[in-house]
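Commentary on secondary and tertiary structure
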Amino acid sequence: MTIRYKVPDKKDALSIVSASKSDMVFTLKLSITEESGTTIVRNIYECFRMLGDALLVAKGIKSEDHIAPINELLKLEVITERPIYLIDNLRKLRHNINYYGYKPNIAEIKDVVSLAKSCFNPLYKKVLQKINE
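The rules behind the values
Residues numbered from 1 in each chain as written. Predicted model: local features only at pLDDT ≥ 70, side-chain atom pairs only at ≥ 80, totals over all residues. Heavy atoms only, no water. Salt bridge = Lys/Arg side-chain N within 4 Å of Asp/Glu carboxyl O. Buried < 20%, exposed > 50% of the residue type's maximum accessible area, 1.4 Å probe, protein only. Helix = DSSP H or I, 4+ residues; strand = E, 2+ residues; numbered from the N terminus. Contact = heavy atoms within 4.5 Å. Polar contact = N/O pair within 3.5 Å; in protein donor to acceptor, adjacent residues only side chain to side chain. Core = buried A, V, L, I, M, F, W, Y, C linked by side-chain atoms within 4.5 Å.

1. Thoughts on the pattern of salt bridges
Inspection of the entire model under this criterion finds 7 salt bridges. The salt bridge partner of Glu-72 is Lys-75, with a shortest N-O separation of 3.4 Å. For Glu-72, a relative accessible area of 8% gives the class buried.

Take a look at the structure:
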């Protein structure tokens, strides 16, 4: 894991959080089909990753991989309907889709959507709170 330090940037962090929210709202409107599955999984994962990245940017840290932003999210103390550690499983699923051509089935897609619906908004609110502290 490579980490580079730079000047903390709350404005950029808030912009990333806003883009993440917007992308999540759009993605959750998509119909769940086998054809849309990879896009839905990728987009939902990316929205979570962006939240973690926003936390890092606000601290002045630029990560070169996806593990650090996800780990940053997992450190948050937030109450969600489903465990937030499942986001790391989502990272692995997205990795298999992107690098091994894996096609998620309907059950996997629905599970990812369920994870997004149960975890995204509480994490979103917590990330905004952390950035604005």
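2. With respect to the environment of Thr-80
Relative to the assigned elements, Thr-80 resides in the loop between α3 (67-74) and α4 (86-100). In this structure Thr-80 touches Ser-118, Cys-119 and Pro-122, once residues within four positions along its chain are discounted. Here the side chain of Thr-80 touches Arg-82 through a polar contact of 2.4 Å, landing on its backbone oxygen.

3. Considerations on the nonpolar core
Counting 36 residues, the largest nonpolar core has Ile-44, Phe-48, Leu-73, Leu-123 and Val-127 as its most contacted members. Elements with a contribution of two residues or more to this core: α1 (10-27), α2 (37-59), α3, α4 and α5 (106-131). For this core, the element with the highest residue contribution is α2, accounting for 12 residues. If sequence neighbours within four positions are ignored, Phe-48 has contacts with Met-24, Ile-70, Leu-73, Ile-87, Leu-90, Leu-115, Ala-116, Cys-119, Phe-120 and Leu-123.

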